[in-house]
Amino acid sequence: MVRRNAERRTALVDAAIEVLAREGARGLTFRAVDAEAAVPAGTASNYFANRDDLLTQAGARVYERLQPDAATIERHRSSASDQETYAALMHELVGRISAFRTGYLALLELRLEATRRPELRAVLTDRVRADVDANVAYHQESGLPGDATAVRLLYLAYNWLIVEQLTLPGVFSEAERAQLVEAAVERIVRP
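Only a predicted model underlies this, so the values are computations on that prediction, with no experimental measurement involved.

Participant: Describe the side chain of Asp34, and please don't skip the residues or the numbers.
Facilitator: By the element assignment, Asp34 lies in helix H2 (residues 30-37). With no salt bridge to any partner, buried Asp34 finds its closest opposite charge in Arg31, at an N-O distance of 6.8 Å. For Asp34, the contacting residues outside a window of four places in its chain are Leu12, Val39, Pro40, Ala41, Gly42, Thr43 and Ala44.

Dropping the structure here:
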(Lines give C-alpha, C1' and ligand atoms only; values in the text may rest on other atoms or scores of the structure.)
Protein backbone atom coordinates (compact mmCIF):
# COMPACT_ATOMS: atom_id res chain seq x y z
CA MET A 1 0.00 0.00 0.00
CA VAL A 2 1.45 3.36 -1.06
CA ARG A 3 0.99 6.09 1.54
CA ARG A 4 -0.37 9.52 0.67
CA ASN A 5 1.02 11.93 3.30
CA ALA A 6 2.43 14.57 0.92
CA GLU A 7 4.75 16.20 3.47
CA ARG A 8 6.27 12.87 4.49
CA ARG A 9 6.67 11.84 0.85
CA THR A 10 8.46 15.13 0.08
CA ALA A 11 10.77 14.66 3.07
CA LEU A 12 11.60 11.15 1.88
CA VAL A 13 12.28 12.30 -1.68
CA ASP A 14 14.48 15.14 -0.38
CA ALA A 15 16.32 12.57 1.74
CA ALA A 16 16.77 10.41 -1.36
CA ILE A 17 18.38 13.38 -3.14
CA GLU A 18 20.85 13.77 -0.29
CA VAL A 19 21.67 10.04 -0.34
CA LEU A 20 22.12 10.06 -4.12
CA ALA A 21 24.49 13.02 -3.93
CA ARG A 22 26.53 11.53 -1.10
CA GLU A 23 26.45 7.78 -1.79
CA GLY A 24 25.56 7.48 -5.46
CA ALA A 25 22.78 5.44 -6.99
CA ARG A 26 24.12 2.18 -5.52
CA GLY A 27 23.82 3.64 -2.04
CA LEU A 28 20.19 4.63 -2.55
CA THR A 29 18.23 2.11 -0.54
CA PHE A 30 14.98 2.46 1.33
CA ARG A 31 16.93 1.93 4.55
CA ALA A 32 19.38 4.75 3.68
CA VAL A 33 16.49 7.08 2.84
CA ASP A 34 14.75 6.24 6.12
CA ALA A 35 17.95 7.01 8.04
CA GLU A 36 18.54 10.30 6.17
CA ALA A 37 14.94 11.40 6.74
CA ALA A 38 15.14 10.31 10.40
CA VAL A 39 11.99 8.21 10.14
CA PRO A 40 11.31 4.66 11.35
CA ALA A 41 12.78 1.84 9.31
CA GLY A 42 10.38 0.69 6.62
CA THR A 43 8.78 4.10 6.09
CA ALA A 44 10.15 4.68 2.56
CA SER A 45 8.94 1.28 1.41
CA ASN A 46 5.43 2.35 2.40
CA TYR A 47 5.62 5.44 0.16
CA PHE A 48 7.29 4.14 -2.98
CA ALA A 49 6.33 1.11 -5.04
CA ASN A 50 9.98 0.23 -5.68
CA ARG A 51 13.44 1.71 -6.07
CA ASP A 52 12.71 2.85 -9.65
CA ASP A 53 9.74 4.83 -8.34
CA LEU A 54 11.99 6.49 -5.77
CA LEU A 55 14.66 7.29 -8.40
CA THR A 56 12.07 8.80 -10.73
CA GLN A 57 10.48 10.92 -8.01
CA ALA A 58 13.91 12.12 -6.84
CA GLY A 59 14.66 13.31 -10.37
CA ALA A 60 11.35 15.14 -10.62
CA ARG A 61 11.92 16.77 -7.22
CA VAL A 62 15.36 18.07 -8.24
CA TYR A 63 13.79 19.86 -11.20
CA GLU A 64 11.00 21.19 -8.99
CA ARG A 65 13.50 22.64 -6.52
CA LEU A 66 15.67 24.13 -9.27
CA GLN A 67 12.86 26.24 -10.69
CA PRO A 68 13.25 29.99 -10.11
CA ASP A 69 10.68 31.59 -7.86
CA ALA A 70 7.92 33.84 -9.22
CA ALA A 71 9.73 37.05 -8.20
CA THR A 72 12.86 36.03 -10.14
CA ILE A 73 10.83 35.19 -13.23
CA GLU A 74 8.96 38.49 -13.05
CA ARG A 75 12.18 40.46 -12.55
CA HIS A 76 13.68 38.89 -15.68
CA ARG A 77 10.51 39.37 -17.72
CA SER A 78 10.43 43.05 -16.88
CA SER A 79 14.12 43.61 -17.68
CA ALA A 80 15.54 44.88 -20.94
CA SER A 81 15.96 42.31 -23.73
CA ASP A 82 19.67 42.72 -24.32
CA GLN A 83 22.94 40.84 -23.84
CA GLU A 84 23.52 42.41 -20.43
CA THR A 85 20.18 41.11 -19.17
CA TYR A 86 20.95 37.73 -20.74
CA ALA A 87 24.28 37.56 -18.90
CA ALA A 88 22.55 38.50 -15.62
CA LEU A 89 20.01 35.74 -16.21
CA MET A 90 22.81 33.23 -16.80
CA HIS A 91 24.68 34.33 -13.66
CA GLU A 92 21.46 33.85 -11.67
CA LEU A 93 20.93 30.42 -13.23
CA VAL A 94 24.45 29.19 -12.47
CA GLY A 95 24.17 30.57 -8.93
CA ARG A 96 20.78 28.97 -8.28
CA ILE A 97 21.88 25.57 -9.52
CA SER A 98 25.19 25.77 -7.66
CA ALA A 99 23.35 26.66 -4.44
CA PHE A 100 21.51 23.32 -4.66
CA ARG A 101 24.74 21.31 -4.95
CA THR A 102 23.29 18.04 -3.71
CA GLY A 103 20.39 18.29 -6.14
CA TYR A 104 22.62 18.73 -9.15
CA LEU A 105 24.96 15.95 -8.01
CA ALA A 106 21.93 13.69 -7.48
CA LEU A 107 20.79 14.53 -10.99
CA LEU A 108 24.19 13.52 -12.35
CA GLU A 109 23.89 10.23 -10.47
CA LEU A 110 20.43 9.73 -11.95
CA ARG A 111 21.79 10.35 -15.43
CA LEU A 112 24.47 7.71 -14.89
CA GLU A 113 21.90 5.28 -13.51
CA ALA A 114 19.71 5.98 -16.55
CA THR A 115 22.38 4.43 -18.76
CA ARG A 116 21.51 1.12 -17.07
CA ARG A 117 17.76 1.58 -16.59
CA PRO A 118 15.74 2.16 -19.77
CA GLU A 119 12.63 3.27 -17.85
CA LEU A 120 14.58 5.91 -15.95
CA ARG A 121 16.32 6.97 -19.17
CA ALA A 122 12.93 7.52 -20.81
CA VAL A 123 11.67 9.61 -17.88
CA LEU A 124 14.83 11.72 -17.71
CA THR A 125 14.98 12.14 -21.49
CA ASP A 126 11.40 13.43 -21.51
CA ARG A 127 12.09 15.73 -18.56
CA VAL A 128 15.34 17.18 -19.91
CA ARG A 129 13.84 17.61 -23.37
CA ALA A 130 10.85 19.44 -21.86
CA ASP A 131 13.24 21.63 -19.85
CA VAL A 132 15.28 22.54 -22.95
CA ASP A 133 12.09 23.23 -24.92
CA ALA A 134 10.76 25.42 -22.08
CA ASN A 135 14.02 27.38 -22.01
CA VAL A 136 13.88 27.92 -25.77
CA ALA A 137 10.22 29.00 -25.57
CA TYR A 138 10.94 31.39 -22.67
CA HIS A 139 13.85 32.84 -24.62
CA GLN A 140 11.76 33.38 -27.75
CA GLU A 141 8.88 34.94 -25.79
CA SER A 142 11.22 37.25 -23.88
CA GLY A 143 12.69 38.89 -26.95
CA LEU A 144 16.24 38.28 -25.73
CA PRO A 145 18.91 38.28 -28.44
CA GLY A 146 19.95 35.01 -30.05
CA ASP A 147 18.06 32.06 -31.39
CA ALA A 148 17.09 28.55 -30.27
CA THR A 149 20.52 27.20 -31.16
CA ALA A 150 22.16 29.80 -28.90
CA VAL A 151 19.93 28.69 -26.02
CA ARG A 152 20.89 25.05 -26.58
CA LEU A 153 24.60 25.89 -26.81
CA LEU A 154 24.42 27.88 -23.58
CA TYR A 155 22.55 25.00 -21.94
CA LEU A 156 25.39 22.65 -22.85
CA ALA A 157 28.16 25.08 -21.89
CA TYR A 158 26.67 26.00 -18.52
CA ASN A 159 25.90 22.42 -17.61
CA TRP A 160 29.55 21.54 -17.89
CA LEU A 161 30.64 24.74 -16.12
CA ILE A 162 28.36 23.76 -13.23
CA VAL A 163 29.74 20.20 -13.21
CA GLU A 164 33.26 21.64 -12.91
CA GLN A 165 32.22 24.02 -10.16
CA LEU A 166 30.47 21.35 -8.09
CA THR A 167 32.87 18.47 -8.59
CA LEU A 168 36.28 20.13 -9.08
CA PRO A 169 35.88 23.67 -7.76
CA GLY A 170 39.61 24.39 -8.00
CA VAL A 171 39.69 24.14 -11.81
CA PHE A 172 38.32 27.68 -12.22
CA SER A 173 38.20 30.41 -9.63
CA GLU A 174 34.94 32.20 -8.91
CA ALA A 175 36.17 35.17 -10.95
CA GLU A 176 37.10 32.90 -13.87
CA ARG A 177 33.68 31.27 -13.79
CA ALA A 178 32.01 34.68 -13.84
CA GLN A 179 34.13 35.69 -16.83
CA LEU A 180 33.23 32.45 -18.62
CA VAL A 181 29.51 33.11 -18.10
CA GLU A 182 29.93 36.56 -19.63
CA ALA A 183 32.08 35.26 -22.51
CA ALA A 184 29.64 32.47 -23.35
CA VAL A 185 26.77 34.94 -23.69
CA GLU A 186 28.91 37.39 -25.64
CA ARG A 187 30.24 34.79 -28.11
CA ILE A 188 27.21 32.56 -28.52
CA VAL A 189 24.33 35.03 -28.40
CA ARG A 190 24.16 37.31 -31.39
CA PRO A 191 21.69 40.21 -31.38
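Participant: Give me the nonpolar core: which residues, what numbers.
Facilitator: In this structure, Leu20, Leu28, Val33, Tyr86, Met90 and Tyr158 are the most contacted members of the largest nonpolar core, which totals 53 residues. Of all the secondary structure elements, the ones that give two or more residues to this core are helix H1 (6-23), helix H3 (43-47), helix H4 (51-66), helix H6 (83-99), helix H7 (101-114), helix H8 (118-142), helix H9 (148-167) and helix H10 (174-188). With nine residues, H9 is the single largest residue contributor to this core. With residues up to four places along the chain from it excluded, the contact list for Met90 reads Leu154, Tyr158, Val181 and Val185.

Participant: Before we move on, could you go through H6 and cite the residues and values that matter?
Facilitator: Within an α-helix, residues lying three or four positions from one another point in the same direction, as the helix has 3.6 residues per turn. Over its 17 residues, H6 runs 24 Å from end to end, which matches the ideal 24 Å to within 8%, given 1.5 Å per residue. Buried within H6 we find Thr85, Tyr86, Ala87, Leu89, Met90, Glu92, Val94, Ile97 and Ser98. Considering only its buried residues, H6 is in contact with H4, helix H5 (70-77), H7, H8, H9 and H10.

Participant: How would you summarise the confidence of the model for the chain if you had to cite specific residues and measurements?
Facilitator: Mean pLDDT over the chain: 92, with 98% of residues reaching 70 or higher. Confidence scores differ between elements of the chain, with H5 showing the lowest mean pLDDT of 86 and H2 the highest of 98.

Participant: Explain a negative patch on the surface to me, and be specific about the residues and the numbers.
Facilitator: A cluster of acidic residues, Asp82, Glu84, Glu182 and Glu186, forms a negative patch at the surface. Mapped onto the elements, Glu186 comes out in helix H10.

So, how was this worked out
Residues numbered from 1 in each chain as written. Predicted model: local features only at pLDDT ≥ 70, side-chain atom pairs only at ≥ 80, totals over all residues. Heavy atoms only, no water. Helix = DSSP H or I, 4+ residues; strand = E, 2+ residues; numbered from the N terminus. Buried < 20%, exposed > 50% of the residue type's maximum accessible area, 1.4 Å probe, protein only. Lys, Arg positive; Asp, Glu negative; His and termini not counted. Salt bridge = Lys/Arg side-chain N within 4 Å of Asp/Glu carboxyl O. Contact = heavy atoms within 4.5 Å. Core = buried A, V, L, I, M, F, W, Y, C linked by side-chain atoms within 4.5 Å. Expected span 1.5 Å × (residues − 1). pLDDT = per-residue confidence, 0-100. Patch = residues over 30% accessible without salt bridge, like charges linked within 9 Å, V, L, I, M, F, W, Y side chains within 5 Å. Areas by Shrake-Rupley, 256 points an atom, 1.4 Å probe, with all protein chains shown as cover. Charge placed at Lys NZ, Arg CZ, Asp CG, Glu CD.

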